[in-house]
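Structural description and commentary
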Amino acid sequence: MEQDQQTIASILGISPSTVSRETRRNRGQRDYCAHQAHQKALSRRRDKALLAQDWSPEQVSGRLRRKEGVYISPERIYQHLRADRQAGGTLWSHLRHRGKKRKKRYGKPDARGQIKNRVSIGVR
């Protein structure tokens, strides 16, 4: 099986781990079935369409858990939306709010505990 995955990966020009992950993800009761994999892909596409219908990532995550038995965290969905936006996609525009503002914390001194216009104890 592993040799087959390596052959498929070399033909497609992708990593063998990608082929392994996809076959594991789309495996049915017994083994990989192309028809079942296609049905699962269509189901995932419908779930992605829910975002385009202005569902929140939390709602999509809950639906996937209930209907498909698959748990994908809302934060992972947000990460996917950010990556989609950077790639030029438009799914992010359906979000209800922008989410947390992320600050870069490196390269800046700590500003907590600084008293403005302080007078040194030697001068006081």
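Keep in mind the model is a prediction, meaning the values are calculated, not measured.

What follows is about the overall build of the protein. Helix and strand counts for the protein stand at 5 helices and 0 strands. Put simply, the protein runs from its N terminus to its C terminus through helices and strands in the order α-α-α-α-α. In terms of C-alpha radius of gyration, the protein reaches 24 Å, well past the compact-globule figure of 14 Å for 124 residues. The principal-axis extents of the C-alpha atoms in the protein amount to approximately 80 × 35 × 30 Å.

Counting residues in each nonpolar core, the largest one holds 7 residues, listed as L50, L51, V60, L64, I77, L81 and L91. Looking at this core, the elements with two or more residues in it are α3 (34-52), α4 (57-68) and α5 (74-86). Residues within four places of L51 in sequence aside, it is in contact with S56, P57, V60, I77, L81, L91 and H94.

What follows is about the packing of α3 against α4. The N-to-C vectors of α3 and α4 enclose an angle of 155 degrees; their axes lie 9 Å apart at closest approach. Accordingly, the angle class assigned to the pair α3 and α4 is roughly antiparallel. Handedness of the crossing formed by α3 with α4: right-handed. Contact residues: S43, D47, L50 and L51 in α3; P57, V60, R63, L64 and E68 in α4.

This next bit is on the confidence of the model for the protein. Mean pLDDT over the protein works out to 83, with 94% of the residues at or above the 70 mark. Taking the mean pLDDT of every element in the protein, the minimum, 81, falls on α3 and the maximum, 88, on α5.

To continue, consider the pattern of salt bridges. Where side chains of opposite charge bring their charged atoms close, a pairing between them can arise. All chains considered together, the criterion is met by 1 salt bridge. Between E75 and R82 there is a salt bridge, with the nearest N and O atoms lying 3.1 Å from each other.

When you line up the elements, S61 lands in helix α4. Judged by its relative accessible area of 5%, S61 falls in the buried class.

Time to look at α3. Between its first and last C-alpha, α3 extends 27 Å over 19 residues, near the 27 Å set by a 1.5 Å rise per residue. A37, S43, D47, L50 and L51 are the residues of α3 that are buried. Looking down the long axis of α3, one finds its buried residues gathered within 120 degrees of arc, a one-sided arrangement. Exposed and oriented more than 90 degrees from the buried face of α3 are A34, H35, R45 and R46. Looking at the packing, one finds that the buried side of α3 touches α4 and α5. With its phi angle positive at about 70 degrees, D54 sits one or two positions after the end of α3.

Cut-offs and rules
- Residues numbered from 1 in each chain as written.
- Predicted model: local features only at pLDDT ≥ 70, side-chain atom pairs only at ≥ 80, totals over all residues.
- Heavy atoms only, no water.
- Helix = DSSP H or I, 4+ residues; strand = E, 2+ residues; numbered from the N terminus.
- Rg over C-alpha atoms; globule rule 2.2 N^0.38 Å.
- Core = buried A, V, L, I, M, F, W, Y, C linked by side-chain atoms within 4.5 Å.
- Buried < 20%, exposed > 50% of the residue type's maximum accessible area, 1.4 Å probe, protein only.
- Contact = heavy atoms within 4.5 Å.
- Axes fitted to C-alpha atoms, helices over the stretch in contact; angles between N-to-C directions.
- Parallel < 35°, antiparallel > 145°, perpendicular 65-115°, else oblique.
- Left-handed = near helix turned anticlockwise from the far one by under 90°.
- pLDDT = per-residue confidence, 0-100.
- Salt bridge = Lys/Arg side-chain N within 4 Å of Asp/Glu carboxyl O.
- Expected span 1.5 Å × (residues − 1).
- Arc of directions from axis to C-beta.

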